[in-house]
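Here are the chains, one letter per residue:
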Amino acid sequence: MNDKELVAHYAAQQVLDGMLVGLGTGSTANYFIAELARRVKDDALNIQVASSSVISTLKAQEQGLSIVSIEHLERLDLYVDGADEITPDLVLLKGRGSDLVREKLMARAAERFLVIADQSKLVSRIGEKFSIPIEVPPFAWRLVKRSLEALGGHGDLRPNANKDGFWITSHGSLVLDMTFPESMGNERLNEALNSTPGVVEHGIFHGLASVVYVADNGQVVEKRR
Ligand SMILES: O=C(CO)[C@H](O)[C@H](O)COP(=O)(O)O
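All of these numbers come straight from a predicted model, not from anything done at the bench.

Peer 1: I tried to follow the domain arrangement of the protein chain on my own but got confused; where do I start?
Peer 2: Many authors give the size of an interface as the accessible area that is lost as the parts come together. The domain boundaries assigned to the protein chain delineate domain 1 (3–124 + 206–217) and domain 2 (132–200). Relative placement of domain 1 and domain 2: their C-alpha centres are 25 Å apart. The interface of domain 1 with domain 2 comprises twelve residues on the first partner and eleven residues on the second.

Peer 1: Explain the site of the ligand to me, please; I cannot follow it from the model alone.
Peer 2: Around the ligand sit 16 residues, and of these G26, S27, T28, G82 and K94 come closest. Broken down by element, the residue count for the shell around the ligand peaks at three residues, all from helix α2 (residues 27–42). Of the residues contributing to the shell around the ligand, the split by class is two nonpolar, eight polar and six charged.

Peer 1: Could you clarify how one ought to interpret helix α1 (residues 3–12) in this entry?
Peer 2: Helical geometry: 3.6 residues make up each α-helical turn, so side chains three or four residues apart lie on a common side. The buried fraction of α1 amounts to eight of the ten residues, a majority that puts the element mostly inside the structure. Buried residues of α1: D3, K4, L6, V7, A8, H9, A11 and A12, and no others.

Peer 1: Teacher, can you tell me more about the environment of V123 here?
Peer 2: Position of V123 relative to the elements: it lies in the loop between β6 (110–118) and β7 (132–136). When the 17 C-beta atoms within 10 Å are taken as the criterion, V123 is described as partly exposed. Counting along the chain gives 37 residues from V123 to I86, while the straight-line C-alpha distance between them is 5.8 Å. Residue contacts for V123: discarding those within four places in its chain leaves E85, I86, T87, E128 and K129.

Reading the values: rules and limits
- Residues numbered from 1 in each chain as written.
- Predicted model: local features only at pLDDT ≥ 70, side-chain atom pairs only at ≥ 80, totals over all residues.
- Domains from an automatic or database assignment.
- Contact = placed C-beta atoms within 7 Å.
- Near = placed C-beta within 6 Å.
- Helix = DSSP H or I, 4+ residues; strand = E, 2+ residues; numbered from the N terminus.
- Nonpolar A, V, L, I, M, F, W, Y, C, P; charged D, E, K, R; others polar.
- Buried ≥ 20, exposed ≤ 12 C-beta atoms within 10 Å, placed from the backbone.

This is the structure in structure tokens:
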């Protein structure tokens with residue numbers, strides 16, 4: 001079993017009978033979905049799930065989980081998802097996929113947000129390994145890009161997989177992948193992005209994670225704020 005699978009199985013043990021559980025997106029979240037489905041069958045666990053993406057909805061359906069549509073959600077007991085970067089104070093970077101809006105809504109709606117990752121995701125600051133994904137409506141991208149450049153940002157629209165057009169999120173947004181000066185700090189950058197008109201959502205998850213489970217060489221460590 002690899003570290004992503006190990007940490008996903010560890011998180012699946014936190015799910016209790018009767019819970020409404022949010023499913024994240026990505027390879028680590030996929031292991032969680034599979035283990036949850038196994039527990040539903042083998043441990044007769046009675047739960048409902050809601051999904052943060054089309055792909056996770058399909059995975060959950062394939063594996064026979066009972067799905068509540070996000071339109072009907074008012075809250076979640078638990079939301080379990082991966083991350084691209086995790087700082088020591090549990091600020092996250094997410095959104096290499098295309099479902100930032102749903103992911104952040106679900107992280108906020110959950111009583112507890114469990115983050116599952118292998119140790120490759122640990123960084124000292126947001127933006128250390130990846131640029132910050134910023135969702136923008138297609139009509140607004142140039143104006144938003146200029147606002148972000150005025151903050152010291154550099155970057156451009158994310159290309160699509162064939163590099164013959166641009167990446168479109170599941171909500172029809174474009175994605176600006178931007179880097180910012182290290183001196184801005186996670187908190188200031190988060191606030192600046194939150195208050196930039198035209199930004200639909202961005203990949204910094206500040207103050208949302210309840211706990212991070214990190215697997216490193218076959219061991220799971222719990223990190224809390
Ligand atoms: O934020 C995400 C998707 O928007 C993922 O959780 C993140 O990219 C981690 O993916 P993986 O588990 O495949 O390493």
